[in-house]
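Structure assessment
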Amino acid sequence: DGTWQALGFDATFSVVPPPPPCDEGWYDYPGCRVQVPDFLVTDYGNNTIYRFSGGALSPQLTVDQPIGVSIKMAGPEKVLYTTRNGNQIIMCDFPSFTGCSSIFTADPSGILTFLEYGEVNEVVIAVDQYTSQIFIIDPTGTNPPQTFTQSVDFIVGLAVDTENRKIYFTSLGPAHVWVMEYDGTGLTALTPDQGYTIMYGLVLDRNLGVIIFVNSNTGQFYMMNTDGTDLHPWGSMFALYVTYMTLVEQTSGTWLLWSTQDGGIFTMPLLPDAVPYPLAGGLIWPFQIAPLLWGNCGENDLCKRPRPVHRRRMPLRA
C-alpha cells in the first residue's frame, strides 16, 4: 500500500514500495516519502550502531561488549558513543569507525545514557542515569572533566544550550525538567511538583526559545519557554514509549525525530497539527539518534544545505 513495513524484529528492513518524495516535506505526507538528513542510531538490544540513509538502515559498527545507548557526532569527522564495558565514552574517526579510543571513564556501577556535543565550547556533556551525575568533558584531554552530582534520582533526558551555557535535563525522582549552569550552579525545576512523569523525550529549540517534552503517563507532548513559563499541551498527537528525541533543521523548517522502545523511528515537522511519519522499524531497542549535519551525508544532500535564515513561524499552540 505504499507504506513502510517492518519484517519482524530480526534487524531486516524493507520499503514496500517507496512512495514519491514529498514536496518540501510539509503537509502532503503520509502519501509521499518524507526525506530527512542521514542519521546514526544505537540499538541497545544488539550492540550495533546503524546509519539511516536513503530510506533504509544499515549496520555501521557491532561491538562484542555491551554497547551503551548514546551516540553523538563531534564535528564532521568524529563520532562519540558509550559502552557498558567499563562505562566509557569512545571517540572514533567518522565515517570509518576506526582509530577508536576512550576519552572518559565513569563509575562502572553506573550507565552513561546521554551525550551532547557543545559546538561552541567544543566539550562533551554526558549523563549517568544511575549515579545522577552530569559530566563536562574536554575530548582533547587538555582540561580535567567536571563532575556534578545532582540531588535527583534517575536522570533520563538531556538538552544543552551551548551558546548560553545551560544544561537541561529530566528526572524521575522527583519528576521534573531541570536547568543548571555549566558550572553546576543555579539548579532550578522548571515544571510543577506533580502531574508529569517525564521520560526520555526532551528537546530544546534555541531559535524559538522553547522546550518540548513528552509526558510518559499519557504520551502527550508539552511545550514551555526555557524559563518554565507558558507550559501547555502541544499538538494533537501522542507518542508512547519514547526513548530519545532530537531536532533536525531543514530548508523546509524544523523537524522532530524520535525513537521508541518498540523498535520504531519517527519524524514529523515541528507543527502542532502534524502527524508522525514512520521512517524505520525492526530494531530491538533503538535509543539515541545522531543526525549528520556537517555535510558528510553521502548521496543525501539534505543535510548539506545551509541553515535557513528565515524560518517559517509556527503557531506555538494547537
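Here's what I pulled together on the structure shown here. (Residues numbered from 1 in each chain as written. Predicted model: local features only at pLDDT ≥ 70, side-chain atom pairs only at ≥ 80, totals over all residues. Heavy atoms only, no water.)

**Section: the overall build of the protein**
Within the protein, the secondary structure is distributed over 0 helices and 26 strands. Of all intrachain contacts in the protein linking residues separated by at least 6 positions in sequence, the fraction that spans at least 24 positions is 43%. Here the protein displays about 13,300 Å² of accessible surface, and carbon together with sulfur accounts for 51% of that area. (Helix = DSSP H or I, 4+ residues; strand = E, 2+ residues; numbered from the N terminus. Contact = heavy atoms within 4.5 Å. Areas by Shrake-Rupley, 256 points an atom, 1.4 Å probe, with all protein chains shown as cover.)

**Observations concerning unusual backbone geometry**
Omega for the bond connecting Phe94 with Pro95 falls within 30 degrees of zero, at 10 degrees, which places this linkage in the cis form. Tracing the backbone shows Pro95 in the loop between β8 (88–93) and β9 (101–105).

**As for the environment of Asn225**
Inspection of the secondary structure puts Asn225 in strand β20 (residues 220–225). Between the alpha carbons of Asn225 and Leu208 there is a distance of 8.5 Å; along the sequence they are 17 residues apart. Excluding its chain neighbours within four sequence positions, the residues that come into contact with Asn225 are Gly209, Val210, Ile211 and Asp230. A distance of 2.9 Å separates polar atoms of two side chains, one belonging to Asn225 and the other to Thr229. (Polar contact = N/O pair within 3.5 Å; in protein donor to acceptor, adjacent residues only side chain to side chain.)

**Things to note about the sheet that holds strand β7 (residues 78–83)**
The strand order β6-β7-β8-β9 describes an open sheet built from 4 strands, whose pairing is antiparallel. One side of each edge strand has no neighbouring strand; the edge strands of this open sheet are β6 (67–73) and β9. The mean inter-strand angle of the sheet, taken between neighbouring strand axes irrespective of direction, is 25 degrees. Sheet topology note: the β8/β9 ladder contains 4 bridges and is antiparallel. Each residue of the ladder has a partner; that of Met91, found in β9, is Ser101. (Pairing = 2+ DSSP bridges. Axes fitted to C-alpha atoms, helices over the stretch in contact; angles between N-to-C directions.)

**A short note on the pairing of strand β24 (residues 265–269)**
The side chains of a regular strand alternate, first on one face of the sheet and then on the other. The element β24 is largely enclosed, with a buried count of 4 among its 5 residues. Summarising the sheet, strand β23 (residues 253–260) and β24 pair through 5 bridges and their orientation is antiparallel. Residue pairing across strands places Trp255 opposite Pro269, the latter belonging to β24. Hairpin geometry of β23 and β24 is characterised by an intervening segment of 4 residues between the two adjacent antiparallel strands and by a positive phi of about 95 degrees at Gly263. In terms of strand pairing, β24 meets strand β25 (residues 277–280) through 3 bridges, oriented antiparallel. Residue pairing in the sheet places Thr267 in a bridge with Tyr277 of β25. (Buried < 20%, exposed > 50% of the residue type's maximum accessible area, 1.4 Å probe, protein only.)

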